[in-house]
Amino acid sequence: MGRGKPLTDFEKGQIAAKNDQGLTNRQIARDLGRSLDAINRYIKDPLNHGTKKSPGRPSLLTVRDKRQILRKASNAVITCSKIKCNLNLSVSNETVRRVISKSKFIKYRKMKKAPMLTSVHRQKRQEFARKNVRTDWRQIVFSDEKTFYCDGPDGYNSYWHDLRKEKLRFSRRNFNGGCFMVWAAISSAGRVKLRFVSKRMDGSEYRYVLRRSLLPFWRRNRHKNYQFMQDGAPCHRARKTMKWLEDRRIPVLAWPACSPDLNIIENVWGYMARKVYEGNKSYDNVGQLKKAIVKAWHAVDQNFLDNLYLSLDNRLYELTVNSGGHINN
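Computed from a prediction, not measured in an experiment: that's the story for all the values here.

The rules we used
Residues numbered from 1 in each chain as written. Predicted model: local features only at pLDDT ≥ 70, side-chain atom pairs only at ≥ 80, totals over all residues. Heavy atoms only, no water. Patch = residues over 30% accessible without salt bridge, like charges linked within 9 Å, V, L, I, M, F, W, Y side chains within 5 Å. Areas by Shrake-Rupley, 256 points an atom, 1.4 Å probe, with all protein chains shown as cover. Salt bridge = Lys/Arg side-chain N within 4 Å of Asp/Glu carboxyl O. Lys, Arg positive; Asp, Glu negative; His and termini not counted. Charge placed at Lys NZ, Arg CZ, Asp CG, Glu CD. Helix = DSSP H or I, 4+ residues; strand = E, 2+ residues; numbered from the N terminus. Pairing = 2+ DSSP bridges. Buried < 20%, exposed > 50% of the residue type's maximum accessible area, 1.4 Å probe, protein only. Phe/Tyr/Trp six-rings, centres within 6.5 Å; stacked < 30°, edge-to-face > 60°. Lys NZ or Arg CZ within 6 Å of the ring centre and 35° of its normal. Axes fitted to C-alpha atoms, helices over the stretch in contact; angles between N-to-C directions. Parallel < 35°, antiparallel > 145°, perpendicular 65-115°, else oblique. Contact = heavy atoms within 4.5 Å. Nonpolar A, V, L, I, M, F, W, Y, C, P; charged D, E, K, R; others polar. Left-handed = near helix turned anticlockwise from the far one by under 90°. UniProt positions renumbered as here; feature names shortened; annotations may be inferred. Domains from an automatic or database assignment. Arc of directions from axis to C-beta.

## A word on a positive patch on the surface
Now for step 1: Judged by side-chain charge, K193, R211, R212, R219, R222, R248 and R249 come together as a positively charged surface patch.
Now for step 2: A total of 3 residues in the positive patch trace back to one element, the largest contributor, which is helix α8 (residues 203–220).

Listed below in structure tokens is the structure:
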């Protein structure tokens, strides 16, 4: 049975007055419309009445059970139901979830995507950090491609993240479904024109994109001695593509493989994805999606890009500290 309402100051005064008049506790309870137990407890100890908090219903879990639940959930891709079964607990899934949610160190987060790094990749990334420690990043033009889907952003896994441990990551998926693939580039002078490309862009199409978007920008800013950054995709590193860039005197920055965490345009893609899919939005057709992508691209302001360029020195430092491993970008 639930607890009744606590006695008000007025009721306490009435009880004291009626008690001084010689009324019995039962008569006082009847006059005030209160339970006899409430009157008895107040008269017995009026100074400490209402100061003790009810402990409530005792927990079904022991302290040891709660510790085991937190150990199971720590940086693990596991459900509350699975934790309950593994520990053979006679409680509901919601009880397990409440134990985890009360922890200061474990939060439910999306798992970040990242390519798998081998020892060779780590070594190359460390060499890149040492070689570019004094690079003026404002003279680098960053480029990349991104796929946007009508049904929402590419899938992800969520997990219970322990704030005392490193974040978990999972490998990227292949292209699928109704979508648009876009190419873009950013610089300290502004954005390069966005281009919509096919999902299986080859070297010929990539050179067409460079000719239509990058080359006009390069000619306008020839005096700034920019370098061009592109990753190691086959269409980027094709012999004809590299020859095309060399003939037009566009220097290419040597970029380590499996290093999207160093490419600041990935942060631009993240910003655009939040704009495109804001409020869990999806699109009926690619025409609607295309308009949303263009609108999100125009929403990228220069202050945001400037802050990303300023973050590159810290990224290289973190890369060195992590011995070429993944960094938090």
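## Side note on the pairing of strand β7 (residues 190–197)
Now for step 1: Here strand β6 (residues 179–187) pairs with β7 via 6 bridges, running antiparallel. Following the sheet pairing, V182 is matched in β7 by F196.
Now for step 2: As consecutive antiparallel partners, β6 and β7 are separated by 2 residues.

## Looking at the pairing of β6
Now for step 1: Across the 9 residues that make up β6, a large majority, 9, are buried.
Now for step 2: Two strands pair when backbone bridges link them, and strand β3 (residues 140–149) and β6 are joined in this way by 8 bridges, in the antiparallel orientation. Across the sheet, residue F148 finds its bridge partner in β6, namely F180.

## Regarding the packing of aromatic side chains
Think of a pair of aromatic rings as described by two things: how far the centres are apart, and how the planes are tilted against each other in angle.
Now for step 1: According to the stated counting rule, one finds 11 aromatic pairs in the structure shown.
Now for step 2: Taken together, a centroid distance of 6.2 Å and an interplanar angle of 50° make the contact between F128 and W137 tilted.
Now for step 3: Members of the aromatic cluster, each reached through a chain of ring pairs, are F128, W137, F142, W255 and Y309.
Now for step 4: Lying across the ring of F196, K290 places its NZ or CZ 4.9 Å from the centre.

## A short note on unusual backbone geometry
Now for step 1: Notably, N225 is not glycine yet its phi reads approximately 55°, a positive angle.
Now for step 2: Residue position: N225 is located in the loop between α8 and β8 (227–229).
Now for step 3: Classification of N225 as exposed rests on a relative accessible area of 57%.
Now for step 4: You will see that R249, though not glycine, has its phi angle at about 55°, which is positive.
Now for step 5: In this fold, R249 is placed in the loop between α10 (239–247) and β9 (252–253).
Now for step 6: Residue class for R249 comes out exposed when judged on its relative accessible area of 74%.

## With respect to the packing of helix α5 (residues 80–87) against helix α6 (residues 93–101)
Now for step 1: Direction vectors running N to C along α5 and α6 enclose 100°, while the axes themselves pass 8 Å from each other. In terms of orientation, α5 lies roughly perpendicular with respect to α6. Contacts between α5 and α6 involve C80, S81, I83 and K84 on the former and, on the latter, N93, V96, R97 and I100.
Now for step 2: Across the contact of α5 with α6, the residue classes tally to 4 nonpolar, 2 polar and 2 charged.

## Things to note about the sheet that holds β7
Now for step 1: The strand order across the open sheet built from 5 strands is β7-β6-β3-β8-β9, with neighbouring strands paired in mixed fashion. Of all strands in the sheet, those bounded by a partner on one side alone are β7 and β9.
Now for step 2: Pairing analysis gives 3 bridges linking β3 to β8, with the strands arranged parallel. Looking at the pairing, V141 lines up with F228 of β8.
Now for step 3: Taken strand by strand, α8 contacts β3, β6, β7 and β8, and its axis lies near 160° from that of β7.

## Here's the deal with the packing of helix α11 (residues 265–276) against helix α12 (residues 286–298)
Now for step 1: Across the interface, α11 lies against α12 with an axial gap of 9 Å and an inter-helix angle of 125°. Considering their axes alone, α11 and α12 lie oblique with respect to each other. Pair α11 / α12 crosses with right-handed handedness. Contacts from V268, Y271, M272, K275 and V276 of α11 reach α12 at L289, A292, I293, A296 and W297.

## Considerations on the UniProt feature "domain: Transposable element Tc3 transposase-like DNA-binding HTH" (unreviewed entry) in the protein chain
Now for step 1: Taking the numbering used here, the UniProt-annotated feature "domain: Transposable element Tc3 transposase-like DNA-binding HTH" (unreviewed entry) corresponds to residues 64–103.
Now for step 2: Within the segment residues 64–103, helix and strand shares are 68% and 0% respectively, and the terminal C-alpha atoms sit 15 Å apart.

## Here's the deal with the domain arrangement of the protein chain
Often, the extent of an interface is quoted as the loss of accessible area upon association of its parts.
Now for step 1: On domain assignment, one finds that the protein chain holds domain 1 (1–52), domain 2 (63–102) and domain 3 (119–158 + 175–322).
Now for step 2: Taken over C-alpha atoms, the centre of domain 2 sits 41 Å from the centre of domain 3.

## A short note on α5
Now for step 1: All buried positions along α5 are accounted for by C80, I83 and L87. Down the axis of α5, the buried side of the element spans an arc of 60°, and every buried residue falls inside it.
Now for step 2: One or two steps after α5, the chain reaches N88, where phi turns positive at roughly 55°.

## Section: the pattern of salt bridges
Now for step 1: Throughout the structure, instances matching the rule amount to 7 salt bridges.
Now for step 2: Residue D37 is joined to R41 by a salt bridge in which the shortest nitrogen-to-oxygen separation is 2.9 Å. You can see D37 and its partner R41 sitting in helix α3 (residues 36–44), 4 residues apart, about one turn around the helix.
Now for step 3: When its relative accessible area of 45% is taken as the criterion, R41 is described as partly exposed.
Now for step 4: When the shortest N-O distance is used, the salt bridge between D306 and R138 registers 3.7 Å. With D306 in helix α13 (residues 302–310) and R138 in the loop between α7 (119–131) and β3, this residue pair connects regions lying 168 residues apart in the sequence.

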